[in-house]
Every structure is written in C-alpha cells, then in structure tokens.
Amino acid sequence: MSARTGSHQLSNGLYVSGRPEDQLKERQPTMASRAIPYTGGDVKKSGELGKMYGIGFSSGDQPGPPKPPSRPGSQPNSGSARSGPKSNSGPMNKKSSSSSFSGPITPIQPTGLITSGPLGSASTNRRSGQLDAPSGNTSFNKALHGSAVTNLGDKVKLGFRVSRVAMWTLVVVVVLDLVAGAFLMVAVKKPMILVAVGAVLVPAVVVIVWNYVYKKSGVLRFLRKYPDAELREAIDGQFVKVTGVVTCGSIPLESSFQRETRCVYVSTELYEYRGCGGKPGNAKHRLFSWGCRLSENYVADFYISDSQSGLRALVKAGYGAKVTPFVKPTTVADVTKDNKEMSPNFLSWLASRGLSSEDCIMRLKEGYIKEGSTISVMGVVRRHDNLIMIVPPSEPMSTGCRWLCCLLPTYIEGLILTCEENQNGDAIPV
C-alpha cells in the first residue's frame, strides 16, 4: 500500500497536498518574447520602417542592438534637458542617397504621422475642420476635377440632316421655274407657271417653319414613346433606353446657386433682357428679348438602376463624352432694377463669376438631376465581365421622318438624358 502524501496549510488558510518544502518553481514562459526596441523618436532606429522610407545610416551611426533608456541620474533626457544636443527626439535626418527602393515616397510629417499626402500648410496654429477647402464662393470647381467632369457648353443642339445634292437640286429647280415663269408672264402674259411654283414653295416654307418651331417638342414626344429595354437581355453594342433611379459616381456635383448636393447633372443659366439701347448678353441677342449671358452645364459619370431588371449600369457621361440633356430648368431668381439690392446672395454669385450687376433685368434659371431621381438614359450597351456600361453612340441617333406630324428627321448626338421630374424650386423673393 502506497504511502499517503502529506498536506500542509498555506498562509491564507487553504490546505494543499504535498510537503511544505516542495515549493513551486517559477514557470518559464512557453513562448519566446522579444523586447521592444526603444527608438527614442529616431526613425533610423526603427528597423524596417526606416528602410521602407529610405533612411540610411552613416558610418558612425550603424544599426546595433537597441539600448534601453538610461536613468535620469546617469543621463538626463527629460524635462528641460530634452531639448539639448543629446536628445533623441526631434525632426528626422535627411535620407541617404545610397538607399535603393521603388515607388513614390510618402514624407514623414513633423508630427510623426504617416499620411497619404501633404498636409498643405505647416502652420502650427491651424484649426481643426475641413482641410484644403476650395477658395471663393463657388461650390463647384471644374478645375478641381479636371477632365472627369464634362462641360456641355451652352444649349442642346438638334439638327436636320439633308443631302447637299438634294438641297442644291431643289434650289436649281426653283430658280429655273421662277425664271421661266417670269419670262412667260412678260411675253405671253400667263402667270400659270408662277402660280404652280408658288403652290409648291408655300407648303415647303410652311413645313420648314413648322419643323423649326416644334423641333424640340417633337423630339421630346419621340423620346417619351421610345420603348424601354431590359438590361438583362441587352447585348453588347445594342442601342437601348433605360429608365431607373440614378446614384452618384465617384464625383458628385453641386448646383452653383441653390447648393443642391449629390447631383449627377447641374445647369445654371443667367438671362438678361435687352431693351432699347441696352447691351446684348451675347452676339445673337436681339432687341426686346431675353438673351443668355452665362451658361454652366456639367455632368459626370453616374449609375442607373434598371427599373425592370434591377441591374445597375455605369453611365459614362464624364471625361468629355457627348451628352444631350433634356432637363427643364426652374427660375430661381428674378431681379429687376428696384429689388436688386434685396438679393445679397445673387449679387455675391455674380461677383464670384466676375459679372457686373448693372441696371438691367436678370433671370437666373437652374436645373439639376439629383441623386434618387428617376430618369431615362439612351446609349449603347457595353459589357466587360460583370460590369455593364452605357456609353455614347458613335453615330447620332435619328428620330426618322414622321409624316403624320409633318416633322423631318432630327439627329441627336451622344448620350440622351431625359428627366420628367420637377425640381420644386420656387423663385427667391428678392
């Protein structure tokens, strides 16, 4: 029978087995721990971090085993003595040119933080808040985004395409008929040919005037009746019309006057009424009419979710793409000679663009497509792996000849954006 193991009482009152002389030995760590080197704020002693930023070592400053911080009695490194010549903290020494590394160097700031770019101003009294805010009163700066935002110019351009051969043939026939009719009327005194020529010319002139007046209305009616396509079944290179909700891409836009944020398209137009003796707003400004003095139209890449299939497509409207928007602007400010001083926001908006506020009648219109709006996009489908894109077509789209409406074929270039939603922008009482 085995001997019974004795027990003893500890100082805290517990009874444990074993003899008092069997003391527990200090347990050794199971994992090898490595002491963290003390750098003292010197990047050269940071090992791989210093090598990553190309920090070299001089001949008298070779890397070695890290030294622990000395006690205050042997070498004072705290308090006021920290600013002495033996202090290890402070700005980083210059890099050695013999270091070999690839890629751009991200500079280490005096604060010790590694950032993705420069902080801009190195002033120590910089306040917290938005960094590098754009200067001026303008909310959107085209130069800030470069070619990623497309400047659409002044107005939507819709044109007719008629063969030059047919046009000149018609002109020659009309001139010959007029000459022959005038000769027969003088010689024979029979105006039958002139009546026949007039019967042909008058309807032609009426059709041309009709197309010029109702050109845009006819195009909008054609675009509304154009059938929607489903992105799921659309093949690569197919011209489609997609209707759905839009979301901003990497660059959201902001309207310049109302400061509407998260927009995919913004438009601001300043009109000026020219009375008797007034200055024209542009080269084509006639008397007693409204003329456009300033026009700002911008669009960028955005996404549209197909309302039929639910698929999401990237609309490539930025980077100088041809885009034709049909967005009805809303009058946001009506300024006359009497109430001009009551609109400081409008005057500051004019000053930010270098425009003079003369004694004239002005009207400011603004249109935009805000994120979450339902619009229609017409373009060519491009598929790349799982990404669906809608890009501008290489050839202008034709509405065709509509005989019932007496409308000639109208051609539209680039992507076509139509938005039927109202922006609910009331005129500012000034």
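Given the structure is predicted, the values throughout are model-derived calculations rather than measurements.

(A) Just the overall build of the protein chain, in detail. Across its full length, the protein chain holds 6 helices and 17 strands. Considering only contacts within the protein chain whose residues lie at least 6 apart along the sequence, 67% involve residues at least 24 apart. Accessible surface computed for the protein chain: about 29300 Å², of which carbon and sulfur atoms make up 56%.

(B) Inspection of the sheet that holds strand β4 (residues 159-160) at higher detail. Strand order across the open sheet formed by 3 strands is β4-β16-β15, with antiparallel pairing between neighbours. Both edges of this open sheet fall to β4 and β15 (397-398), since each of them pairs with a single strand only. Of the pairings in the sheet, the one linking β15 to strand β16 (residues 410-412) comprises 2 bridges and is antiparallel in character. Residue pairing across strands places Met-397 opposite Ile-412, the latter belonging to β16. Contacting β4, β15 and β16, helix α5 (residues 215-225) crosses the sheet at an angle of about 70° to β16.

(C) Looking closely at the UniProt feature "transmembrane region" (unreviewed entry) in the protein chain. UniProt marks residues 165-186 and 192-214 with the feature "transmembrane region" (unreviewed entry), using the numbering shown here. In the segment residues 165-186, helix accounts for 100% and strand for 0%; the C-alpha atoms at its two ends are 32 Å apart. Annotated as residues 192-214, this span is 96% helix and 0% strand, and its ends, taken at the C-alpha atoms, are 34 Å apart.

(D) Molecular detail of the packing of aromatic side chains. Going through the model one piece at a time under the given rule, you end up with 6 aromatic pairs. Relative to Tyr-226, the ring of Phe-222 has its centre 5.9 Å away and its plane inclined at 65°; by these criteria the two rings are edge-to-face. A residue is classified by how much of its surface remains accessible, and Tyr-226, at 24% relative accessible area, is partly exposed. Grouping aromatic residues by their ring pairs yields a cluster made of Phe-222, Tyr-226 and Phe-239. Lying over the aromatic face of Trp-290, Arg-363 brings its terminal NZ or CZ to 4.4 Å of the ring centre. For the cation-ring pair, Lys-365 lies above Tyr-271, with the distance from its terminal atom to the ring centre recorded as 5.4 Å.

(E) Representation of the packing of helix α3 (residues 164-187) against helix α4 (residues 192-213) within the structure. Between α3 and α4, the least distance of the axes is 8 Å, while the angle of their chain directions is 150°. When the axis of α3 is compared with that of α4, the two are roughly antiparallel. Residues Val-174, Asp-177, Leu-178, Ala-180, Gly-181, Ala-182, Leu-184 and Met-185 of α3 pack against Ile-193, Leu-194, Val-197 and Leu-201 of α4. For the contact of α3 with α4, the residue count by class is 10 nonpolar, 1 polar and 1 charged.

(F) Expanded view of a nonpolar patch on the surface. Residues Val-205, Val-209, Trp-210, Tyr-212, Val-213 and Tyr-214 make up a contiguous nonpolar surface patch of roughly 630 Å² in combined accessible area. Counting through the fold element by element, Tyr-212 comes out in helix α4. Among the residues examined, Tyr-212 registers a relative accessible area of 64% and is labelled exposed.

(G) Structural detail: the environment of Arg-402. With respect to the secondary-structure elements, Arg-402 resides in the loop between β15 and β16. The sequence separation of Arg-402 and Phe-222 amounts to 180 residues, and the corresponding C-alpha distance is 9.7 Å. If near-sequence neighbours (up to four positions away) are discounted, Arg-402 is found in contact with Gly-218, Val-219, Phe-222, Leu-407 and Leu-408.

(H) Structural detail: α3. End to end, α3 covers 34 Å across 24 residues, agreeing with the expected 34 Å (1.5 Å per residue, within 8%). Positive phi appears at Lys-189, one or two residues downstream of α3, with a value of about 60°.

(I) Looking closely at the pattern of salt bridges. One pass over the structure, following the stated rule, counts 10 salt bridges. The closest approach of N and O atoms between Lys-370 and Glu-260, which form a salt bridge, is 3.4 Å. Highlighted residues: Lys-370 in strand β12 (residues 362-370) and Glu-260 in the loop between β5 (239-248) and β6 (263-274), separated in sequence by 110 residues. Glu-260 gets classed as partly exposed once you look at its relative accessible area, which sits at 23%.

(J) Here's a closer look at the nonpolar core. With 28 residues, the main nonpolar core has Phe-302, Ile-304, Val-323, Ile-369, Ile-375, Val-377 and Ile-390 as its most contacted residues. Listing elements by their share of this core, those giving two or more residues are β5, β6, β8 (302-306), β9 (312-315), β10 (323-327), β13 (374-384), β14 (387-391) and β17 (415-419). Ignoring sequence-local partners within four residues, the contact set of Ile-304 consists of Val-242, Thr-243, Gly-244, Val-245, Val-246, Leu-311, Arg-312, Ala-313, Val-315, Ile-375, Val-377 and Ile-390. By size, the runner-up hydrophobic cluster in this structure holds 12 residues, among which are Leu-294, Ala-333, Leu-350 and Cys-360.

(K) Seen up close, the sheet that holds strand β3 (residues 150-151). Ordered in space as β3-β7-β6-β12-β11, the 5 strands form an open sheet in which the pairing is antiparallel. Looking along the sheet, the strands with just one partner apiece sit at the ends: β3 and β11 (330-335). Bridge count for β3 against strand β7 (residues 289-299) is 2 bridges, and the pairing is antiparallel. By the bridge assignment for β7, Asn-151 is matched with Tyr-298.

(L) Structural view of unusual backbone geometry. Located in the positive-phi region is Arg-259, a residue other than glycine, with phi close to 60°. Structurally, the position occupied by Arg-259 is in the loop between β5 and β6. What makes Arg-259 partly exposed here is its relative accessible area of 39%. Even without a glycine there, the phi angle at Arg-262 is positive, about 55°. When you line up the elements, Arg-262 lands in the loop between β5 and β6. You can call Arg-262 partly exposed: its relative accessible area is 38%.

(M) Geometry of the state of the cysteines. One pass over the full model with this rule turns up 0 disulfides. We note that Cys-248 lacks a disulfide partner, and the nearest cysteine sulfur, in Cys-263, lies 6.9 Å from it.

Calculation rules
Position numbers for residues start from 1 in each chain and track the written sequence from start to end. Local features in this predicted model are restricted to residues of pLDDT 70 or higher, and side-chain atom pairs are both shown and tallied only at a pLDDT of 80 or more, whereas totals for entire chains, interfaces and linings draw on every residue. To get the side-chain values, take all heavy atoms of the structure and skip hydrogens and water. Each helix corresponds to a stretch of at least 4 residues labelled H or I by DSSP, and each strand to a stretch of at least 2 residues labelled E; elements are numbered beginning at the N terminus. Whether two residues are in contact is decided by their heavy atoms: any pair within 4.5 Å suffices. Residue burial considers only the protein chains on display, and all accessible areas are found by Shrake-Rupley using a 1.4 Å probe. Strand pairing is assigned whenever DSSP identifies at least 2 bridges connecting the two strands. Angular values range over 0 to 180 degrees, each being the angle between N-to-C directions of two axes fitted as lines to C-alpha atoms, with helices fitted over their stretch in contact. UniProt positions are given in the numbering used here, feature names are shortened, and annotations may be inferred rather than shown by experiment. To pair, rings of Phe, Tyr and Trp, with the six-membered ring standing in for Trp, must have centres within 6.5 Å; the planes then decide the type, stacked if under 30 degrees apart, edge-to-face if over 60, and tilted in the middle. Only protein chains enter the accessibility calculation, which uses a 1.4 Å probe; a residue whose area is less than 20% of its type maximum is buried, one above 50% is exposed, and one in between is partly exposed. Cation placement over rings: the criterion is NZ of Lys or CZ of Arg within 6 Å of the ring centroid and within 35° of the ring normal. Convention used here: angles under 35 degrees read as roughly parallel, angles over 145 as roughly antiparallel, angles from 65 to 115 as roughly perpendicular, and any remaining angle as oblique. Residue type decides the class: Asp, Glu, Lys and Arg count as charged, Ala, Val, Leu, Ile, Met, Phe, Trp, Tyr, Cys and Pro as nonpolar, and the leftover types, Gly among them, as polar. Patch building starts from residues that exceed 30% relative accessible area and form no salt bridge, then joins like charges within 9 Å and nonpolar side chains (Val, Leu, Ile, Met, Phe, Trp, Tyr) within 5 Å. For this document, the term salt bridge refers to a Lys or Arg side-chain nitrogen within 4 Å of an Asp or Glu carboxyl oxygen. Expected helix span is taken as 1.5 Å per residue step, with the number of steps being one fewer than the number of residues. We define the nonpolar core as a collection of buried residues of types Ala, Val, Leu, Ile, Met, Phe, Trp, Tyr and Cys that are connected through side-chain atoms lying within 4.5 Å of one another. For this text, the term disulfide refers to a pair of cysteine sulfurs within 2.5 Å.

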